[in-house]
Amino acid sequence: MATTRRTQQERRDQAEAAILAAAAEVVVEQGVRSLTLARVGERAGYSRGIVTHHFGTKQALVERLARATQAGFVPGLDELPPGLDRLLRLIDGYLGQLARLSVFNQAFLLLWAEAATQPDLAPIFRERDDAFRADLRDDIEASIAHGVVDPSLKPDDVAIAVVGQLRGIALQRLLEPRGVDVEQVRHSVVGYWRRALSAASATTSPV
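For clarity, every value in this text was computed on a predicted model and none was experimentally measured.

1. Concerning the packing of helix α4 (residues 58-70) against helix α6 (residues 103-114)
Relative orientation and spacing of two packed helices are given, respectively, by the angle between their axes and the distance between those axes.
Point 1. α6 packs onto α4 with a crossing angle of 125° between their chain directions and a minimal axis gap of 9 Å. Accordingly, the angle class assigned to the pair α4 and α6 is oblique. Note that α4 runs across α6; the crossing there is left-handed. Contacts between α4 and α6 pair Val62, Leu65, Ala66, Thr69 and Gln70 from the former with Phe104, Asn105, Phe108 and Leu111 from the latter.
Point 2. Of the residues belonging to the contact of α4 with α6, the class tally is six nonpolar, three polar and no charged.

Structure below.
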């Protein structure tokens, strides 16, 4: 009995993974507005009924896709406590991943950009951005408490600026890959935030 349950779960997981992969491919190759349950099912090799059974609605599918594409984008951060080191590693890792954007990552960026004009997408990506900013805010607040970040900075403002910069660079990379030297930008941006956030720089008087 236990073996049967595991097999059923494995089949379910396999079907859902195939459907999510197909959804990402449809978004990247045909555009966000082409994403339908029927088209995704056809791409994945399943009927629309199977897609509906697993996800229910297009919005639920997009929400799962958004979560799947964003989760684990920068590996190894979960083991780190909130603070400046985690923040800088996140920035460095995020930009490093842009050198090898997967179909899932491309789909996330396209859906995120489209959310500004699509009411059905907006709540999903507002929630994802809120979670992203909350993690960054935790890092800034911890860094201020540790005395390594300028206490005059507002964590909410820093979080907004970091998300805006990272997503903006990612969209530029998606639009024109040859126009963004990932390694050069990565080095410059991490260095910029290290200097901008430093508590020591805040106490340095101009000569």
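2. Thoughts on the side chain of Asn105
Point 1. By secondary structure assignment, the location of Asn105 is in helix α6.
Point 2. Classification of Asn105 by relative accessible area gives buried; the value is 9%.
Point 3. If we ignore the near neighbours within four places in the chain, the residues touching Asn105 are Thr69 and Phe73.

3. A look at a negative patch on the surface
Point 1. Taken together, Asp78, Glu79, Asp135, Asp138 and Glu141 make up a surface patch of like negative charges.
Point 2. Within the fold, Asp78 resides in the loop between α4 and α5 (84-97).

4. Focus on helix α8 (residues 155-175)
Point 1. Taking 1.5 Å as the rise per residue, α8 with 21 residues should run 30 Å; its terminal C-alpha atoms sit 30 Å apart, in good agreement.
Point 2. Those residues of α8 lying buried are Pro155, Val158, Ala159, Val162, Val163, Leu166, Arg167, Ile169, Ala170 and Arg173. Taken end-on, α8 shows its buried residues confined to a sector of 155°, consistent with a single buried face. In this structure, α8 carries Ile160 and Leu175 as exposed residues pointing more than 90 degrees from its buried face.
Point 3. Close packing links the buried residues of α8 with α4, α5, α6, α7 (122-145) and α9 (182-197).

Parameters at a glance
- Residues numbered from 1 in each chain as written.
- Predicted model: local features only at pLDDT ≥ 70, side-chain atom pairs only at ≥ 80, totals over all residues.
- Heavy atoms only, no water.
- Axes fitted to C-alpha atoms, helices over the stretch in contact; angles between N-to-C directions.
- Helix = DSSP H or I, 4+ residues; strand = E, 2+ residues; numbered from the N terminus.
- Parallel < 35°, antiparallel > 145°, perpendicular 65-115°, else oblique.
- Left-handed = near helix turned anticlockwise from the far one by under 90°.
- Contact = heavy atoms within 4.5 Å.
- Nonpolar A, V, L, I, M, F, W, Y, C, P; charged D, E, K, R; others polar.
- Buried < 20%, exposed > 50% of the residue type's maximum accessible area, 1.4 Å probe, protein only.
- Patch = residues over 30% accessible without salt bridge, like charges linked within 9 Å, V, L, I, M, F, W, Y side chains within 5 Å.
- Areas by Shrake-Rupley, 256 points an atom, 1.4 Å probe, with all protein chains shown as cover.
- Salt bridge = Lys/Arg side-chain N within 4 Å of Asp/Glu carboxyl O.
- Lys, Arg positive; Asp, Glu negative; His and termini not counted.
- Charge placed at Lys NZ, Arg CZ, Asp CG, Glu CD.
- Expected span 1.5 Å × (residues − 1).
- Arc of directions from axis to C-beta.

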